[in-house]
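Residues per chain are reported as follows:
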Amino acid sequence: MMKFLVASDIHGSLSAARKVTCAFEREEADYLVFLGDAMYHGPRNPLPDAYEPAGVAELLNSLADRVIAVRGNCDSEVDQMLLDFPMMVDYQSIPLAKGKLFATHGHIYDPTPSLTEMPQGVVAGDIFAFGHVHLPILEVNEAGIVVLNPGSAALPKEGHPPTYAVIDEGKVEIKTFDGAVYRDVWKR
């Protein structure tokens with residue numbers, strides 16, 4: 001079984017990118033699933049801590065062969081030019097031992113507010129992972145789909161700490177960057 005670290009919304013923060021890569025190594029994950037918004041902070045966000053988009057690209061490129069990424073609303077073709085892994089798709093469907101992980105940023109495919117409207121093909125037992133809203137979300141919806149938002153690594157909202165998620169052996173957890181479990185749920 002593969003172990004996935006899921007992260008989102010670094011927004012050009014080199015300190016957040018370092019936290020993600022350190023967590024990736026500490027968790028001994030097989031793949032980093034990155035849900036978008038890698039390098040640009042966006043016009044509605046404040047400038048994040050240690051804003052250094054080129055440094056973020058360099059750090060993420062050090063894991064290029066183990067990154068599965070999707071495009072966020074703040075990602076562009078210019079960003080892709082700096083990255084050694086593809087990140088311009090709107091979603092990735094990743095097979096798991098049971099079901100699949102549907103990874104997207106959340107600006108096109110968005111399960112909120114009802115958490116019941118899913119893209120075609122996402123069914124009970126699957127994990128729907130999205131970023132974009134900068135809030136850690138982990139629940140099983142009425143259709144039996146695990147809805148996961150790892151939160152933001154750089155710009156969390158509503159008083160939440162910076163967080164990431166781990167998918168391992170069917171267990172899904174959201175953690176703070178010190179490794180403490182913030183929220184968890186067993187996949188059905």
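Before reading further, recall that the structure is shown in the block above.
Let me sum up the structure you'll find in this document. (Residues numbered from 1 in each chain as written. Predicted model: local features only at pLDDT ≥ 70, side-chain atom pairs only at ≥ 80, totals over all residues. Heavy atoms only, no water.)

Focus: the overall build of the protein
Secondary structure assignment for the protein yields three helices and 11 strands. Here the C-alpha radius of gyration of the protein, 15 Å, is about what a compact globule of 188 residues would show, namely 16 Å. The principal-axis extent of the C-alpha atoms belonging to the protein is close to 40 × 30 × 30 Å. In the protein, once contacts between residues fewer than 6 apart in sequence are set aside, the share between residues at least 24 apart is 58%. For the protein, the accessible area works out to roughly 8300 Å², and carbon and sulfur atoms hold 51% of it. Charged side chains of the protein number 15 positive and 26 negative; the gap between the two group centres comes to 5 Å. (Helix = DSSP H or I, 4+ residues; strand = E, 2+ residues; numbered from the N terminus. Rg over C-alpha atoms; globule rule 2.2 N^0.38 Å. Contact = heavy atoms within 4.5 Å. Areas by Shrake-Rupley, 256 points an atom, 1.4 Å probe, with all protein chains shown as cover. Lys, Arg positive; Asp, Glu negative; His and termini not counted. Charge placed at Lys NZ, Arg CZ, Asp CG, Glu CD.)

Points about helix α2 (residues 53-61)
For α2, the set of buried residues is G55, V56, A57, L60 and N61. Where α2 is buried, its residues touch α1 (14-27), β2 (31-34), β3 (67-69) and α3 (77-82). (Buried < 20%, exposed > 50% of the residue type's maximum accessible area, 1.4 Å probe, protein only.)

Brief notes about the layout of surface pockets
Its boundaries defined by the atoms lining it, the largest pocket holds a volume of some 170 Å³. Per-class residue counts for the lining of the largest pocket are two nonpolar, seven polar and four charged. (1 Å grid on protein atoms, 1.4 Å probe; cavity = no way out; pocket = protein on both sides within 12 Å on 5 of 7 lines; lining within 4 Å. Points joined across faces, edges and corners; volume = space filled by probe spheres on them. Nonpolar A, V, L, I, M, F, W, Y, C, P; charged D, E, K, R; others polar.)

Concerning the packing of α1 against α2
α2 packs onto α1 with a crossing angle of 10° between their chain directions and a minimal axis gap of 9 Å. Comparing the axis directions of α1 and α2 gives the class roughly parallel. When the axes of α1 and α2 are compared, the crossing they make is right-handed. On the side of α1, the interface is formed by L14, A17, R18 and T21, while α2 contributes G55, V56 and L59. Split into classes, the residues belonging to the contact of α1 with α2 amount to four nonpolar, two polar and one charged. (Axes fitted to C-alpha atoms, helices over the stretch in contact; angles between N-to-C directions. Parallel < 35°, antiparallel > 145°, perpendicular 65-115°, else oblique. Left-handed = near helix turned anticlockwise from the far one by under 90°.)

Regarding the packing of aromatic side chains
Summed over the entire model, instances satisfying the criterion amount to seven aromatic pairs. Between F102 and Y109 the ring centres are 5.6 Å apart and the planes differ by 90°, which places this aromatic pair in the edge-to-face class. With a centroid separation of 5.0 Å and an interplanar angle of 40°, the aromatic rings of Y164 and F177 are classed as tilted. With Y164 in strand β9 (residues 163-168) and F177 in the loop between β10 (171-176) and β11 (181-186), this residue pair connects regions lying 13 residues apart in the sequence. Note on accessibility: Y164 and F177 belong to one class, buried. (Phe/Tyr/Trp six-rings, centres within 6.5 Å; stacked < 30°, edge-to-face > 60°.)

Focus: the nonpolar core
One broad trend across soluble globular proteins is that nonpolar side chains are buried collectively. Membership of the largest hydrophobic core comes to 30 residues, with the highest contact counts inside it found for L5, I10, V20, L32, V56, L60 and F85. Looking at this core, the elements that each hand over two or more residues are β1 (4-7), α1, β2, α2, β3 and β9. For this core, the element with the most residues is α1, which contributes six residues. If we skip the residues at most four places from it in the chain, F85 touches L60, N61, A64, V67, A69 and Q80. Counting residues in hydrophobic clusters, the runner-up holds 20 residues, among them I68, I94, V146 and L148. (Core = buried A, V, L, I, M, F, W, Y, C linked by side-chain atoms within 4.5 Å.)

Focus on the sheet that holds strand β4 (residues 91-95)
Strand order in the open sheet formed by five strands is β4-β5-β6-β8-β7, with mixed pairing between adjacent strands. The sheet is open, and its two borders are formed by β4 and β7 (136-140), each paired with just one other strand. Neighbouring strand axes in the sheet, compared pairwise and without regard to direction, differ in orientation by 15° on average. (Pairing = 2+ DSSP bridges.)

Overview of the side chain of D79
By the element assignment, D79 lies in helix α3. One buried charged residue, D79, remains without a salt bridge, the closest side chain of opposite sign being R71 at 9.4 Å. Filtering out sequence-adjacent residues up to four positions away, D79 remains in contact with M39, C74 and M87. (Salt bridge = Lys/Arg side-chain N within 4 Å of Asp/Glu carboxyl O.)

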